[in-house]
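Geometric and topological summary
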Amino acid sequence: MDRRSFLLAAAALPLCGHANAQPKTMKDIQTLQQNWKTFLPAGATVPAPTEALSLSKDEWKKRLQGESYKVLREESTERAGTSPLNAEKRPGIFACAGCGLPLFTSEMKYESGTGWPSFFTTIPGVFETKKDFFLIYPRTEYHCKRCGGHHGHLFDDGPPPTGQRWCNNGVALKFLPKDAKA
Ligand SMILES: [Zn+2]
């Protein structure tokens, strides 16, 4: 192994099964954001953030299972470590469980060690934020732009270059594997 391939192999080590290198610059992040559609399953049709979905409380209750309803519509938080999506590493799209809007690609996910699915950036234009004070200190809450569903909180202790940690409730997401047979 020459020095260059050794360095490349060493750089790949901390990625723990991710097929692609972690982005290093904001330009890499922009590329990830621009290429999100390449993670959609073949032939998938998905809504746009501008196609607002507004339902009554009863309609949401019919549409969402118990904990998904509590998180998405009442800003509850799932217990850490309970989501099967913590371990999800296949290529694909994480979409809103309320309305199907694509929110993150698998390449935007990282292991934060918190017990919640965590992402260092998002598909552009899919979230709106507000400050909440449920805990004594202010936190940045974020919700789906299309249906208003609560997803989680945004923190500033994520990995470089964004420094962002989008800490998302797994029950607020549904995963669409790029290869539907996978
Ligand atoms: Zn939504």
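What counts as what
Residues numbered from 1 in each chain as written. Predicted model: local features only at pLDDT ≥ 70, side-chain atom pairs only at ≥ 80, totals over all residues. Heavy atoms only, no water. Donors = N, O, S within 2.8 Å, 3.2 Å for Na, K, Ca; no water. Tetrahedral: all angles 85-135°; square planar, octahedral: opposite > 155°, others 65-115°. Helix = DSSP H or I, 4+ residues; strand = E, 2+ residues; numbered from the N terminus. Buried < 20%, exposed > 50% of the residue type's maximum accessible area, 1.4 Å probe, protein only. Phe/Tyr/Trp six-rings, centres within 6.5 Å; stacked < 30°, edge-to-face > 60°. Core = buried A, V, L, I, M, F, W, Y, C linked by side-chain atoms within 4.5 Å. Contact = heavy atoms within 4.5 Å. pLDDT = per-residue confidence, 0-100. Pairing = 2+ DSSP bridges. Salt bridge = Lys/Arg side-chain N within 4 Å of Asp/Glu carboxyl O.

1. Re the coordination of the zinc ion
Ideal values differ by geometry: the angle at a metal is 109.5 degrees with four tetrahedral donors, but 90 or 180 degrees with six octahedral donors. Around the zinc ion, the protein contributes the donor atoms Cys-96 (SG), Cys-99 (SG), Cys-144 (SG) and Cys-147 (SG), at 2.3 to 2.4 Å from the metal centre. Bound by four donor atoms, the zinc ion shows angles of 102 to 116° at the metal and therefore tetrahedral coordination geometry. Positions of the donor residues of the zinc ion, expressed as sequence spacing, correspond to C-x2-C-x44-C-x2-C. With Cys-99 in the loop between strand 1 (92-96) and strand 2 (102-105) and Cys-144 in strand 6 (residues 139-144), the pair connects residues that are 45 residues apart, well separated along the chain. Classification of Cys-99 as buried rests on a relative accessible area of 7%. Take Cys-144: its relative accessible area is 0%, and that puts it in the buried class.

2. Some points on the packing of aromatic side chains
If you walk through the whole model with that rule in mind, you get eight aromatic pairs. Both rings, one in Phe-94 and one in Phe-175, keep their centres 4.8 Å apart while their planes meet at 45°; by these two values the pair is tilted. Placement of the pair is Phe-94 in strand 1 and Phe-175 in strand 9 (residues 173-177), with a sequence separation of 81 residues. With respect to burial, Phe-94 and Phe-175 carry one shared label: buried. When the ring of Phe-104 is compared with that of Phe-127, the centres are 5.5 Å apart and the planes differ by 45°; the resulting orientation is tilted. Within this pair, whereas Phe-104 is found in strand 2, its partner Phe-127 is found in strand 5 (residues 127-132), the two being separated by 23 residues in sequence.

3. What to know about the nonpolar core
By size, the foremost hydrophobic cluster in this structure holds 34 residues, and its most contacted members are Cys-96, Leu-103 and Phe-104. At the level of elements, helix 2 (26-34), helix 4 (66-74), strand 1, strand 2, strand 6 and strand 9 are the ones that each hand at least two residues to this core. If you tally residues by element for this core, the top one is strand 1, at four residues. Not counting the four nearest positions on each side in its chain, Leu-103 is found in contact with Phe-94, Ala-95, Cys-96, Thr-122, Ile-123, Val-126, Phe-127, His-151 and Leu-173.

4. Concerning the confidence of the model for the chain
The predicted model of the chain has a mean per-residue pLDDT of 90, with 87% of residues at 70 or higher. Long-range and interchain partners of residues 6-19, a stretch whose pLDDT sits below 50, account for eight contacts in this model, where long-range means more than four residues apart.

5. Some words on the pairing of strand 5
Note: strand 5 against strand 6, six bridges, orientation antiparallel. What sits directly across from Lys-130, in strand 6, is Glu-141. Hairpin connection, strand 5 to strand 6: the antiparallel pair is bridged by six residues.

6. Brief notes about the pattern of salt bridges
A pair can form between side chains of opposite charge whenever their charged atoms are brought close. In total, this model carries five salt bridges according to the counting rule given. Its salt-bridge partner being Lys-130, residue Glu-141 comes within 3.5 Å of it at the nearest N-O pair. Highlighted residues: Glu-141 in strand 6 and Lys-130 in strand 5, separated in sequence by 11 residues. On the accessibility criterion, Lys-130 (35% relative accessible area) is partly exposed. Shared partners join several salt bridges into a network, and the residues in it are Glu-75, Lys-130 and Glu-141.

7. A short note on the pairing of strand 9
Here strand 9 shows a buried face lined by Leu-173, Phe-175 and Pro-177 and an unburied face lined by Lys-174 and Leu-176. Across five bridges, the pairing between strand 1 and strand 9 is antiparallel. What sits directly across from Ile-93, in strand 9, is Leu-176.

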